Amino acid sequence: MASFEVIGGHPLKGEIVPQGAKNEALQILCAVLLTPEAVTISNIPDIRDVNKLIELLRDMGVKVGKLASDTYRFQADAVNLDYLDTPEFIAQAGALRGSVMILGPMLTRFGKCQLPKPGGDKIGRRPMDTHFLGLEKLGGKLTLEGTDFYRIKADNGLTGAYMMLDEASVTGTANILMAAALAQGTTTIYNAACEPYLQQLCKMLVRMGAKINGIGSNLLTIEGVQSLGGTEHRMLPDMIEIGSFIGLAAMTGSEITIKDCQIPELGIIPDTFRKLGIKLEFRGDDIHIPAQDHYEIATYLDGSILTVSDHTWPGFTPDLLSIVLVVATQAKGTVLIHQKMFESRLFFVDKLIDMGAQVILCDPHRATVIGLDQRQKLRGISMTSPDIRAGVALLIAALSAEGRSVIENVEQIDRGYQYIDQRLTALGAKIRRL
Ligand SMILES: CC(=O)N[C@H]1[C@@H](OP(=O)(O)OP(=O)(O)OC[C@H]2O[C@@H](n3ccc(=O)[nH]c3=O)[C@H](O)[C@@H]2O)O[C@H](CO)[C@@H](O)[C@@H]1O
Ligand SMILES: C=C(OP(=O)(O)O)C(=O)O
């Protein structure tokens, strides 16, 4: 297990370029399975989960060529279906969440797929029901082996259908959308997830020849086509990384410019950080965060305590709530953080409390943060990163704290943040990988 040693209390300064989006990459990479033609993808982040998925595709028989450090060419013209029966496949597919999105493409193109319960963050229940409810509506026949191995078949191909999803699952919508793209007839997905990464997937599929209406809304209509062709695709910048850097700048009192953010795609993320009192300037497509000694959390108009909660897009993403929480510990004022989607994502606040933060964990979903207004700095401690976003939240806390912290299990952070120690060191952070 790798660790970071962090010496906190040093303001950072400079420019940082966000990596390509992790959660978009996982969708887009799975989509290469939909066509025998070549697909070139750029702005691919060099992070553990994405590299594992690329390795999985390669082992499944997809030809993978690296054209540049962030650009790959994929060609799925000789997929080895037998590989899905091997223990190696089961181990690889079970090691990340993103592998779940091979289900839709494999089922629609080859009539079958199987998958162990996918991996990913251990942040509470992560049901797969929406995926299979949708794929079954299209004609897939699911067999469960125990509760953690799924086999799905469609001997006569898939047929379009109307469906109202039970929840707007991000990866579930991606799976059903990809399956519907090659199904016979028209599919309507109501209550579809519609976040920018899904919009990106839709746009890529359209370039491949798919017929999709309603992109960007929660009502998608897909007219199935016989085959899809090759394309080129470029990933958006990672909005969770951008939010993490905004939080980092505020909490450490640093002046940072985040380059090329594709600001219109960030939804309410910038305004949510503004509610914490953080100043942000849009300079063209860059976000400039000036050094701030203090930032003050807004209240509601009637003076009551602000709540920041997660919601499906265009609501605030659950993946940034841990960052908002940690940043609030040094704000002036009080905020209730309400993590509705996942029930095990807030337990990391114990570590913040050990560092001196004033946080009350009300229940697994809600924590009240009473900001210290920089009057009292957090103190460095030893801790373990429980999941990818809590890991970065703890890293931000350690960079703002007085003294030395050690963060163990930084493989969690490496799942989603590219060369984070090197990139932050370039801004003046004192981080050493042990
Ligand atoms: C690889 C990937 O892309 N992972 C992201 C994806 O995971 P993933 O696609 O697995 O997450 P889902 O959207 O399926 O669901 C996330 C959680 O929210 C719950 N839920 C979902 C929709 C809804 O309307 N109501 C509701 O309560 C689900 O039951 C589940 O517990 O989306 C999540 C939600 O944005 C993000 O945290 C993950 O980073
Ligand atoms: C929860 C996350 O990832 P995953 O779905 O891959 O576990 C995340 O990116 O915050």
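The rules we used
For every chain, the first residue of the written sequence is number 1, and numbering continues from 1 along that sequence. Chains and ligands are labelled by the order in which they are written, letters from A for the one and numbers from 1 for the other. The predicted origin of the model limits local features to residues at a pLDDT of at least 70 and limits the giving and counting of side-chain atom pairs to 80 or more, whereas totals for whole chains, interfaces and linings rest on all residues. As a rule here, side-chain values cover all heavy atoms of the structure and leave hydrogens and water aside. UniProt positions are given in the numbering used here, feature names are shortened, and annotations may be inferred rather than shown by experiment. Only protein chains enter the accessibility calculation, which uses a 1.4 Å probe; a residue is then buried when its area is under 20% of its type maximum, exposed when over 50%, and partly exposed in between. Labels follow the DSSP assignment, with helices taken as runs of H or I lasting at least four residues and strands as runs of E lasting at least two, numbered in each case from the N terminus. Two strands pair if DSSP finds at least two bridges between them. The contact criterion used is simple: two residues touch if any of their non-hydrogen atoms lie within 4.5 Å. Any residue with a non-hydrogen atom lying within 4 Å of a molecule or strand is treated as near it. Between N or O atoms, a polar contact is any pair within 3.5 Å; within protein, one atom must be a potential hydrogen donor and the other a potential acceptor, and residues adjacent in sequence are included only when both atoms are from side chains. Areas reported here follow the Shrake-Rupley algorithm with a probe of radius 1.4 Å; residue values treat only the protein chains shown as occluding. As annotated, the domain borders come from an automatic or database domain assignment. For helices, the fitted axis covers only the stretch in contact; all axes are lines through C-alpha atoms, and the angles between them, taken along N-to-C directions, range from 0 to 180 degrees. To sort the angles, those under 35 degrees are grouped as roughly parallel, those over 145 as roughly antiparallel, those from 65 to 115 as roughly perpendicular, and the leftovers as oblique. A crossing counts as left-handed when the near helix is turned anticlockwise from the far one by less than a right angle, and as right-handed when that turn is clockwise. Salt-bridge detection follows one rule: a side-chain nitrogen of Lys or Arg within 4 Å of a carboxyl oxygen of Asp or Glu.

The chain is annotated in an unreviewed UniProt entry as UDP-N-acetylglucosamine 1-carboxyvinyltransferase of Hymenobacter canadensis. The Catalytic activity (unreviewed entry) field of the UniProt record for the chain holds the comment "phosphoenolpyruvate + UDP-N-acetyl-alpha-D-glucosamine = UDP-N-acetyl-3-O-(1-carboxyvinyl)-alpha-D-glucosamine + phosphate". Turning to the chain, the UniProt record has this under Function (unreviewed entry): "Cell wall formation. Adds enolpyruvyl to UDP-N-acetylglucosamine."

Trainee: Could you give an account of the pairing of strand E1 (residues 3-7), with specific residues and numbers?
Mentor: Counting buried residues in E1 gives 4 out of 5 residues, a clear majority hidden from the surface. Pairing between E1 and strand E22 (residues 404-408): 5 bridges, direction antiparallel. Considered in E22, the bridge of Ile7 is made with Arg404.

Trainee: Let's hear about the UniProt feature "active site" (unreviewed entry) in the chain: which residues, and what values?
Mentor: UniProt marks Asp121 with the feature "active site" (unreviewed entry), using the numbering shown here. Relative to the helices and strands, Asp121 resides in the loop between strand E6 (112-116) and helix H5 (129-137). With near-sequence residues (within four places) excluded, Asp121 lies in contact with Arg126, Arg345, Asp387, Ile388, Gln412 and Arg415.

Trainee: Explain the site of ligand 1 to me, and be specific about the residues and the numbers.
Mentor: Close to ligand 1 lie 17 residues, the nearest being Arg97, Glu167, Ser169, Thr171 and Asp319. For ligand 1, an oxygen atom lies 2.9 Å from a polar atom in the backbone of Val170. Contacts to ligand 1 include Asp319, whose side-chain N or O atom sits 2.6 Å from an oxygen atom. About the coverage of ligand 1: the protein hides 84% of its 740 Å² of free accessible area.

Trainee: How would you explain the site of ligand 2 if you had to name every residue and give the values?
Mentor: Ligand 2 sits among 13 residues. The nearest are Lys22, Asp121, Arg126, Arg389 and Arg415. At 3.3 Å from an oxygen atom of ligand 2 is found a side-chain nitrogen or oxygen belonging to Asp319. One of the side-chain N or O atoms of Arg415 is found 2.9 Å from an oxygen atom in ligand 2. When the free accessible area of ligand 2 is taken as 300 Å², the share hidden by the protein chains comes to 94%. Sorting the residues of the shell around ligand 2 by element identifies helix H1 (22-31) and helix H12 (388-400) as the ones contributing at least two each. Counting contributing residues, the shell around ligand 2 receives three or more from each of domain 1 (3-19 + 237-433) and domain 2 (22-234).

Trainee: Describe the UniProt feature "binding site: UDP-N-acetyl-alpha-D-glucosamine" (unreviewed entry) in the chain, with residues and values.
Mentor: The UniProt record marks Arg97, Asp319 and Met341 with the feature "binding site: UDP-N-acetyl-alpha-D-glucosamine" (unreviewed entry), using the residue numbering of this structure. Relative to the helices and strands, Arg97 resides in the loop between helix H3 (87-93) and helix H4 (103-110). Leaving out residues up to four positions away in the same chain, Arg97 has contacts with Pro118, Gly119, Gly120, Arg126, Pro127, Met128 and His131. Secondary-structure assignment places Met341 in the loop between strand E18 (334-338) and helix H11 (349-354). Residues within four places of Met341 in sequence aside, it is in contact with Asp310, His311, Thr312 and Pro318.

Trainee: Hey, could you go over the side chain of Thr272 for me, with residue numbers and the actual values?
Mentor: Within the secondary structure layout, Thr272 lies in helix H9 (residues 269-275). There is a polar contact of 2.7 Å between the side chain of Thr272 and the backbone oxygen of Ile268. The contacts of Thr272, once residues within four sequence positions are left out, are Val308 and Phe316.

Trainee: Account for unusual backbone geometry, with residues named and values stated.
Mentor: With an omega of 10°, the peptide bond running from Trp313 to Pro314 counts as cis. Tracing the backbone shows Pro314 in the loop between strand E17 (306-309) and helix H10 (321-328). Of note, Gln374 is a non-glycine position whose phi angle comes to about 60°, a positive value. For Gln374, the location among the structural elements is in the loop between strand E20 (366-370) and strand E21 (382-384).

Trainee: Please provide a residue-by-residue account of the packing of H10 against H12, values included.
Mentor: Contact geometry of H10 with H12 gives a least axis separation of 8 Å together with a crossing angle of 20°. Considered as vectors, H10 and H12 are oriented roughly parallel to each other. Crossing of H10 over H12 shows right-handed handedness. Facing H10, whose interface residues are Ser322, Ile323 and Val326, H12 presents Arg389, Ala390, Val392, Ala393, Ile396 and Ala397.

Trainee: Give me the side chain of His288: which residues, what numbers.
Mentor: Mapped onto the elements, His288 comes out in strand E16 (residues 286-289). Reaching out from His288, the side chain makes a polar contact with the side chain of Thr257 at a distance of 2.9 Å. Contact partners of His288, with chain neighbours within four places excluded, come to Glu255, Ile256, Thr257, Lys279, Leu280, Glu281 and Arg283.

Trainee: Describe in detail H10, supporting the description with residues and values.
Mentor: Where burial is concerned, most of H10 is hidden: 8 out of the 8 residues are buried. Looking only at H10, the buried set comprises Leu321, Ser322, Ile323, Val324, Leu325, Val326, Val327 and Ala328.

Trainee: Explain the pattern of salt bridges to me, using residue names and the numbers behind them.
Mentor: Here the structure, examined in full by the defined rule, presents 16 salt bridges. A salt bridge links Lys259 to Asp286; the nearest nitrogen and oxygen atoms lie 2.6 Å apart. You can see Lys259 sitting in the loop between strand E14 (255-258) and H9 and its partner Asp286 sitting in strand E16, a full 27 residues away along the chain. Each of Glu5, Arg404 and Arg432 takes part in a single network of salt bridges with overlapping partners.

Trainee: Report on the sheet that holds E17, specifying residues and quantitative values.
Mentor: With mixed pairing, 4 strands are arranged side by side in an open sheet as E17-E18-E20-E19. Both edges of this open sheet fall to E17 and strand E19 (358-363), since each of them pairs with a single strand only. Each adjacent strand pair in this sheet contributes to an overall mean axis angle of 20°, direction not counted. Here E18 pairs with E20 via 5 bridges, running antiparallel. Bridge pairing in E20 links Ile337 to Ala367. Each of E17, E18 and E20 touches H10; the most contacted strand, E18, lies at about 160° to it.

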